[in-house]
Amino acid sequence: MNFDDTPQEAAFRAEVRAWIDANAPTHLLEGLRSSGFGGLNLEGADPITLSKNWQKKKAEAGWACLHWPKEYGGRGATPIERVIWGQEEGPYGALGGVFIIGHGMCGPTMMAFAAEEHKRRYLPPLAAGEEIWCQLFSEPAGGSDLAGLRTRAEPASDGSGDWIINGQKIWTSGAHYSDYGILITRTDPTVPKHKGMTMFFLDMHSPGIEIRPIKQANGQSGFNEVYFTDVRIPDGQRLGAVGDGWKVSLTTLMNERLSIGSGMSTGFPELFDLCCRIETQNGLAVDDPAVRSKLATWAVRTTGLKYTGFRALSALSRGEIPGPENSIGKLVAGPTMQEIAMFAEDLQGQAGVISDPDIAAANGRFQAMLMRSPATRVEGGTDEILRNIIAERVLGLPADIRVDKDVPFNMIPTSGRA
Amino acid sequence: MNFEFSDEQKQMATQARRYLADKCPSTAVRAILEGPEPYDKALWKGLAEMGFLGVVIPEEYGGLGLGYLELCVIAEELGRALAPVPFSSSVMLATEFLLAAGSDAQKRAWLPRLASGDAIGTFAYAEKAGAVTPKTIQLSAANNRLNGAKTAVPDGDIADFAVVAARTGTSISLYLVDLSAAGVTRTTLDTIDPSRSHARIDFADAAAEPLGAPGEGLRLISEVFDRAAVLTAFEQIGGADRTLEMARDYALERMAFGRPIGSFQAIKHMLADMYVSATLARSNGCYGAWALSTGAAELPEAAATARVSATQAFQHCAKNNIQVHGGMGFTWAFDCHLFYRRSNLLSVNLGSLSQWEDTLIQRLRARNTAA
């Protein structure tokens, strides 16, 4: 048991560190370090441009999408090398935020299902950050029940073999700055819901696409609604067979889990720091036994997640594939951050309401966490869906009873008050 | 990065698990819980023969001379099996006190017998309800004679010797006491978990020999408790895993409303949360095990982390195991209560959860201040 790199890993780390030292945009470092939730602190500069610049520089030196094959713009690196890169890239990694979905989910799906000519055309610019991708999955009627989606793809009546898309997606991150997207649709509503779906990729500038940002509960806008009105997609952009969309989407979602990072933030270090500076009625918060008990619980959850990540990395370096057990990361971090934010507000007393970063403790990070954390508990699998995944796929408990499982999709009730 | 136990260590765990499945089924735990014997002597002898009582004792003192990672995996298996033996007292505490502070003569006198299981040692600490602090240690030592009483001493009724925390003027010192000596009276106590026996020990001018330098008691206790905290955490992790498995198995088998109860989200989600606690505890335990086995400077922080996490996990899993079992979980016949008892016993061994929480934050604060 040790934290040490193998000699090969150490050599790789040294190479990465030297390159980053020589090439990283050091003038952005302070801003990136102090960036809060939902936005990069880049002093007014366009984050997309800065992100694309850094990605391009990495790509030119062979540091983009390390785990992808070289012919598609990657480096053919091992999973553990990818992790080492992430550790060394540190705060600069925040500049990769706009590429996470493209690199983590769209790219691997394209790699598994797209035609060779398409892989060669689309993957290298995706890797190099020249083109940004989004993922069009969730719908108003298909969130946790993704397979309830209703966006239709129908064969064009002109005999071209093209598909005509009508419907609506929601919660699409980055749709407004994306060039391409992968899209799951319903092609046959007369068969049970998991059997009638088909996946495509498409140009986000296609005629008939309308993108409307969603104003979130915290006032920011990171997601969009995307409306499709007679959008045409060539059949060559179909990913997988007609009716196999569910299977294709599972590949995408499995790759989401492979994106092991340095672990999700819980806000504990910020809270601990606050407790060392703020007073309760019993003196310094960190000396108050009631505060200590809560801090200890959040401390061990935070370290527990960190070392669970280390155990997953150990498995990865032995060549094992991470499984559904990695669902615990977000399940623990999301609610913990919310609890921490609420407690930090409590500690600040009346002043806890202030969200102005120039006045509030910790530059308003706790107020930002408070307002953002409800989303963490929902996006990319709700707490409840993650518990189902753990219960069913780790512990082997029976799947939920699905009353709509064998019913043709167009016979499934759509109102709870029928 | 390698944050898992080695194949050899896993093999040792498998060997221990097989042995305990055979020699320590729950009927063996119940025999101690319900019967007159204070511990399972045959099992104790067997564990000694496997070398498990002397894992970290150097070979020159009759042990295996292995490391703490090996001891962690064995502690975990004993926790899974609820082994009704004085392992925690004798191996995690008495042995550790001797290794930390014993003179060569003391080591020669006791370590080989501890390794062979011929002697049992324990640590006598608390004197009344409440946290043990330097003030609450009133048992006094003068001229190598002890006067006073200790309560809830784990295995105090069966141990051959005890390490005793005693007041020497204004400081606390440790003494080694042969419990068969004149002036020592032991009274077995009724406890929440009779599968692990506890006693009150009265000392009336009982002969004792110093263990370690005078006035070094608190430092030694803190040092040994950190080591024992990691080992106990593994005992708790073993118990947490076992109760999670029991609850899972029952949820798959028990039918209600025409379905296995494990198909209801209320039950699935409770089990998922138990899995989360147990997983976090194991990961924190690995950190503690790493720090313990390498003698890392992070040990105090890692030990408190492992201890808090494992206590929370075992208590959480053991109580919800009863909940998943419903009424059957509250019967004497089902094993759920054995784990519930043990989880709550272990939660106050070595200092309670709230004390360890406090310790953890103190230590994090000290590190932050130093940094």
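How each quantity is defined
- Residues numbered from 1 in each chain as written.
- Chains lettered and ligands numbered in written order.
- Predicted model: local features only at pLDDT ≥ 70, side-chain atom pairs only at ≥ 80, totals over all residues.
- Heavy atoms only, no water.
- Helix = DSSP H or I, 4+ residues; strand = E, 2+ residues; numbered from the N terminus.
- Buried < 20%, exposed > 50% of the residue type's maximum accessible area, 1.4 Å probe, protein only.
- Contact = heavy atoms within 4.5 Å.
- Core = buried A, V, L, I, M, F, W, Y, C linked by side-chain atoms within 4.5 Å.
- Domains from an automatic or database assignment.
- Buried area = accessible area lost by both parts, 1.4 Å probe.
- Salt bridge = Lys/Arg side-chain N within 4 Å of Asp/Glu carboxyl O.
- Polar contact = N/O pair within 3.5 Å; in protein donor to acceptor, adjacent residues only side chain to side chain.
- Nonpolar A, V, L, I, M, F, W, Y, C, P; charged D, E, K, R; others polar.
- Expected span 1.5 Å × (residues − 1).
- Phe/Tyr/Trp six-rings, centres within 6.5 Å; stacked < 30°, edge-to-face > 60°.
- Lys NZ or Arg CZ within 6 Å of the ring centre and 35° of its normal.
- 1 Å grid on protein atoms, 1.4 Å probe; cavity = no way out; pocket = protein on both sides within 12 Å on 5 of 7 lines; lining within 4 Å.
- Points joined across faces, edges and corners; volume = space filled by probe spheres on them.

A. Layout of the side chain of His316(B). All names here are of chain B. Within the element layout of this structure, His316 appears in helix 9 (residues 299-325). Taking the relative accessible area as the measure of exposure, His316 reaches 19% and is therefore buried. Among residues more than four places away in sequence, those in contact with His316 are Asp273, Met274 and Ser277.

B. Layout of the nonpolar core. Among the nonpolar cores identified, the biggest contains 176 residues, and Leu271(A), Phe87(B), Phe123(B), Leu146(B), Phe203(B) and Leu271(B) are the most heavily contacted of them. Here the element with the most residues in this core is helix 7 (residues 217-253) of chain B; it accounts for 17 residues. Setting aside chain neighbours within four positions, we find Leu271(B) in contact with Leu395(A), Leu397(A), Leu244(B), Ala247(B), Arg248(B), Ala251(B) and Val324(B). If you look at the next biggest cluster of nonpolar residues, it comprises 24 residues, including Trp68(A), Cys106(A), Leu123(A) and Leu146(A).

C. View of the domain arrangement of chain A. Residue and element names in this part refer to chain A. Domain parsing of chain A yields domain 1 (7-127), domain 2 (133-248) and domain 3 (260-381). For domain 1 versus domain 2, the distance between C-alpha centres works out to 27 Å. Of the roughly 1,400 Å² buried between domain 1 and domain 2 on both sides combined, carbon and sulfur atoms contribute 70%. Summed over the shared surface of domain 1 and domain 2, the result is zero salt bridges. Viewed at the interface, domain 2 and domain 1 are joined by two residue pairs in polar contact (both at pLDDT 80 or more). For the side of domain 1 that touches domain 2, the secondary-structure elements that each account for two or more residues are helix 3 (47-60), helix 5 (100-113) and helix 6 (116-127). Residue contributions to the side of domain 1 that touches domain 2 peak at seven residues, all from helix 5. Tallied by class, the residues present in the side of domain 1 that touches domain 2 amount to eleven nonpolar, four polar and two charged.

D. How the structure looks around the pattern of salt bridges. In total, this model carries 52 salt bridges over all chains according to the counting rule given. Where Asp5(A) meets Arg13(A), a salt bridge forms, and the shortest distance between an N and an O atom there is 2.6 Å. Overall, Asp5(A) belongs to the partly exposed group, its relative accessible area being 26%. The shortest N-O distance in the salt bridge between Asp193(B) and Arg342(B) comes to 2.7 Å. On the criterion of sequence distance, the pair formed by Asp193(B) in the loop between strand 6 (184-188) and strand 7 (198-207) and Arg342(B) in helix 10 (residues 336-346) is long-range, its members being 149 residues apart. This pair shows no difference in class: Asp193(B) is buried, exactly as Arg342(B) is. One network of salt bridges, with partners in common, ties together Asp5(A), Arg13(A), Arg17(A) and Glu88(A).

E. Quick look at helix 12 (residues 383-394) of chain A. Between its terminal C-alpha atoms helix 12 of chain A stretches 15 Å, which fits the 16 Å expected from twelve residues at 1.5 Å a residue. Taken as a whole, helix 12 of chain A has its buried residues at Asp383(A), Leu386(A), Arg387(A), Asn388(A), Ile390(A), Ala391(A) and Glu392(A). Contact partners of the buried residues in helix 12 of chain A: helix 10 (328-348) of chain A together with helix 8 (265-294) of chain B. Phi for Gly396(A), located one or two positions after helix 12 of chain A, is positive at around 75°.

F. Summary view of the packing of aromatic side chains. Applying the stated criterion to the full structure yields 28 aromatic pairs over all chains. Geometrically, the ring pair formed by Phe12(A) and Trp63(A) is edge-to-face, given 5.9 Å between the ring centres and 65° between the ring planes. One end of the pair, Phe12(A), is in helix 1 (residues 7-23); the other, Trp63(A), is in the loop between helix 3 and helix 4 (79-89), with 51 residues separating them in the sequence. On the basis of relative accessibility, which here comes to 6%, the residue Phe12(A) falls in the buried class. Given a relative accessible area of 3%, Trp63(A) falls into the buried group. Judged by centre distance (5.9 Å) and plane angle (50°), the ring pair of Trp54(A) and Tyr92(A) falls under tilted. Placement of Trp54(A) in helix 3 and of Tyr92(A) in the loop between helix 4 and helix 5 is noted, with a sequence separation of 38 residues between them. You'll find Trp54(A) and Tyr92(A) in the same group, each marked buried. Taken together through their ring pairs, the aromatic side chains of Phe12(A), Trp19(A), Trp54(A), Trp63(A), Trp85(A) and Tyr92(A) make up a single cluster. In this arrangement the basic side chain of Arg212(A) is found over the ring face of Tyr227(A), its NZ or CZ atom lying 4.1 Å from the centre. Across from the ring centre of Phe264(B), 4.0 Å away, lies the NZ or CZ of Arg259(B), which sits over that ring.

G. Looking closely at the side chain of Gln168(A). All names here are of chain A. Its place among the elements puts Gln168 in strand 3 (residues 163-173). Here Glu225 takes part through its side chain, which lies 3.0 Å from a polar atom of the side chain of Gln168. Of note is the side chain of Gln168, whose polar atom sits 3.5 Å from the side chain of Tyr227. Aside from chain neighbours lying at most four places away, what touches Gln168 is Glu139, Pro140, Thr151, Glu225, Val226 and Tyr227.

H. Geometry of the environment of Glu339(A). Residue and element names in this part refer to chain A. Within the secondary structure, Glu339 is located in helix 10. Taking the C-alpha atoms as reference points, Glu339 and Ser373, separated by 34 residues in sequence, lie 9.2 Å from one another. Apart from residues lying up to four places away in sequence, Glu339 is in contact with Trp298 and Arg301.

I. Up close: the layout of surface pockets. All names here are of chain B. Taken as a whole, the second largest pocket holds about 1,100 Å³ of empty space. Around the second largest pocket, the lining is made up of 38 residues, and of these Tyr125, Phe225, Leu350, Gly351 and Gln355 lie nearest the centre. Secondary-structure elements contributing two or more residues to the lining of the second largest pocket are helix 5 (87-101), strand 1 (121-124), strand 3 (145-154), helix 7, helix 10 and helix 11 (353-370). Of the residues in the lining of the second largest pocket, the class split is 20 nonpolar, 15 polar and three charged. Split by domain, the lining of the second largest pocket shows at least three residues from each of two domains, domain 2 (122-215) and domain 3 (218-370).

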